[in-house]
Amino acid sequence: MIEISNVSKTYEEGNRALRNVNITIEDGEFVFIMGPNGSGKTTIFKLLLKEVEATSGRIVVNDMNLGKMPRRYVPKYRRRLGVVFQDFRLLKDRNVYENVAFAQRVVGASTRRIKEAVPEMLQMVGLSAKYKMYPKQLSGGEQQRVAIARALINRPEVLLADEPTGNLDNRNAMEIMKLLEDINEMGTTVIVITHSREIVEMMGKRVIRMERGCVVSDEIEGAQAVYDRQAVYDELSAYDEQVIYDEPETDEESEDGGGQTEDSRQETEDGQMTEDGDTYEN
Ligand SMILES: Nc1ncnc2c1ncn2[C@@H]1O[C@H](COP(=O)(O)OP(=O)(O)O)[C@@H](O)[C@H]1O
Ligand SMILES: [Mg+2]
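Residues numbered from 1 in each chain as written. Chains lettered and ligands numbered in written order. Predicted model: local features only at pLDDT ≥ 70, side-chain atom pairs only at ≥ 80, totals over all residues.

What exactly am I supposed to notice about the overall build of the protein chain here?
When helices and strands are tallied, the protein chain shows nine helices and 10 strands. The buried share of the protein chain, taken over its 282 residues, is 35%. Of all intrachain contacts in the protein chain linking residues separated by at least 6 positions in sequence, the fraction that spans at least 24 positions is 71%. (Helix = DSSP H or I, 4+ residues; strand = E, 2+ residues; numbered from the N terminus. Buried ≥ 20, exposed ≤ 12 C-beta atoms within 10 Å, placed from the backbone. Contact = placed C-beta atoms within 7 Å.)

Structure (structure tokens):
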């Protein structure tokens, strides 16, 4: 659960980005945050990612009070969130497979685990056939799907997407929304910033509207779905053919060292999480 309670944020320059914001998001929800430029949407994301600190108020994410989180815990905390941006932010000199695998390498996953998880994730986002391509060889919609696969590969509890369809045409935007909905149905909490009324109306999800730093409305089924969503989806019919994976062209074998099995590493991580969590909870 995410609880933002009485949160205000004033940047150093004196910009009041958020004014007494209260938002509660339950596990497994799909929520849009909507509002004009400058209304404070991205600031909410940055607060959740602990990239900026609230000036006042309290933010609790899955029982962790962000205001009391020790600095050393922040990187581990961020790994529990998947993040997607408007401009994709892919590594230009790496192919699709490597862009997704990279997120696993940095958390020390074993090669065996990566070889299993990356194809699985690429299939989910419909990009199995393009795993060897480089970002510039892909459409915007495809690049965003790579970014989503990368955001999800470490199985975060929450996916945060800041204007994920801002650079896409309608068709690609709808495909991305369908993918985000699928991801949500598999259990991940999904929070999407957008200023597209069309998208919000099509999806018929909870919508939190921001204006000048304030939440001005919070509607459970924000806009009723006014389009026949299934018909739009059927038309899109994202089709992904099965492919056989060649061995990725990397020297990853050499990185899989240390003698520690992935399972024991996992236990250690979880154990630390609990211990650390106890020290600053609430
Ligand atoms: N790093 C910053 N320093 C100073 N002011 C900022 C900073 N980031 C955002 N702001 C200001 O805070 C307000 C909200 O910005 P932001 O959260 O990015 O809004 P949105 O994402 O809704 O466009 C704006 O007035 C913006 O200019
Ligand atoms: Mg923004």
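Past the structure itself, the notes keep going.
Teacher, can you tell me more about the site of ligand 1 here?
Ligand 1 sits among Tyr11, Glu13, Asn15, Ala17, Gly35, Asn37, Gly38, Ser39, Gly40, Lys41, Thr42 and Thr43. Ranked by residue count, the leading element in the shell around ligand 1 is helix α1 (residues 41-48), at three residues. (Near = placed C-beta within 6 Å.)

Explain the sheet that holds strand β9 (residues 206-211) to me, please; I cannot follow it from the model alone.
Sheets are built from strands paired through backbone hydrogen bonds, the pairs being either parallel or antiparallel. The six strands lie next to each other as β6-β7-β8-β3-β9-β10, forming an open sheet whose pairing is mixed. With partners counted over all chains shown, the strands left at the sheet margins are β6 (81-85) and β10 (214-219), one partner each. Between one strand axis and the next, the sheet turns by 15° as a mean value, whatever way the strands run. Direction of pairing for β6 relative to strand β7 (residues 158-162): parallel, over a ladder of five bridges. For valine 84, the partnering residue across the bridge sits in β7 and is alanine 161. (Pairing = 2+ DSSP bridges. Axes fitted to C-alpha atoms, helices over the stretch in contact; angles between N-to-C directions.)

So what exactly am I meant to see when it comes to the confidence of the model for the protein chain here?
Detailed reading of the predicted coordinates is not advisable wherever pLDDT falls low. Per-residue confidence for the protein chain averages 84 on the pLDDT scale, and 78% of its residues sit at or above 70. Counted against residues more than four places away or in other chains, residues 238-242, with its pLDDT under 50, gives eight contacts. (pLDDT = per-residue confidence, 0-100.)

Please explain the environment of methionine 69 as it appears in this structure.
Along the chain, methionine 69 falls in the loop between β5 (64-65) and α2 (74-78). Judged by the 20 C-beta atoms lying within 10 Å of it, methionine 69 falls in the buried class. In this structure the C-alpha to C-alpha distance between methionine 69 and lysine 50, which are 19 residues apart in sequence, comes to 9.3 Å.

How should I be thinking about helix α5 (residues 140-152) in this particular structure?
The end-to-end C-alpha distance of α5, which contains 13 residues, comes to 18 Å, matching closely the 18 Å that a straight helix rising 1.5 Å per residue would cover. Counting buried residues along α5, 12 of its 13 residues qualify, which places the element largely inside the surrounding structure. Looking only at α5, the buried set comprises Gly141, Glu142, Gln143, Gln144, Arg145, Val146, Ala147, Ile148, Ala149, Arg150, Ala151 and Leu152. Turning to α5, the residues buried within the fold contact β6, α3 (96-105), α4 (111-124), β7 and α6 (170-185). (Expected span 1.5 Å × (residues − 1).)

What exactly am I supposed to notice about α3 here?
Residues lying three or four places apart along an α-helix face the same way, a consequence of the helix completing one turn every 3.6 residues. Counting buried positions along α3 yields seven of 10 residues, so the element is predominantly enclosed. Burial in α3 covers these residues: Val96, Tyr97, Glu98, Asn99, Val100, Ala101 and Ala103.

Looking at this structure, how should I read the pairing of β10?
Remember that side chains alternate between the two faces of the sheet whenever the strand is regular. Bridge analysis of β9 against β10 gives five bridges, and the strand direction is antiparallel. Looking at the pairing, valine 207 lines up with glutamate 219 of β10. The hairpin formed by β9 and β10 contains two residues between the paired strands, and arginine 212 there has a positive phi angle of roughly 45°.

Is there a simple way to explain the pairing of strand β2 (residues 16-25) in this structure?
In this structure, strand β1 (residues 2-10) lies alongside β2, joined through six bridges in antiparallel fashion. Of the residues in β2, the one forming a bridge with valine 7 is valine 21. In sequence, β1 turns back onto β2 through a hairpin of five residues, with glycine 14 there showing a positive phi of about 95°.

When you look at the sheet that holds strand β4 (residues 56-61) in this model, what are you seeing that I'm missing?
Pairing is antiparallel in the open sheet, where four strands are placed in the order β2-β1-β4-β5. Edge positions in the sheet fall to β2 and β5, since each has one partner strand and no second. As defined by bridge partners, β1 adjoins β4 across five bridges and the pair is classed as antiparallel. What sits directly across from serine 5, in β4, is arginine 58. α1 contacts β1, β2 and β4 of the sheet and is inclined by roughly 115° relative to β1.

I would appreciate a short explanation of the nonpolar core in the present structure.
Where a protein is soluble and globular, its nonpolar side chains tend to be buried together. Of all hydrophobic cores here, the largest spans 69 residues; its most connected members are Ile33, Val100, Val118, Met121, Leu122 and Ala149. Non-local contacts of methionine 121, meaning those with residues more than four positions away in its chain, are made with Val100, Ala149, Leu152 and Ile153. (Core = buried A, V, L, I, M, F, W, Y, C linked by C-beta atoms within 7 Å.)

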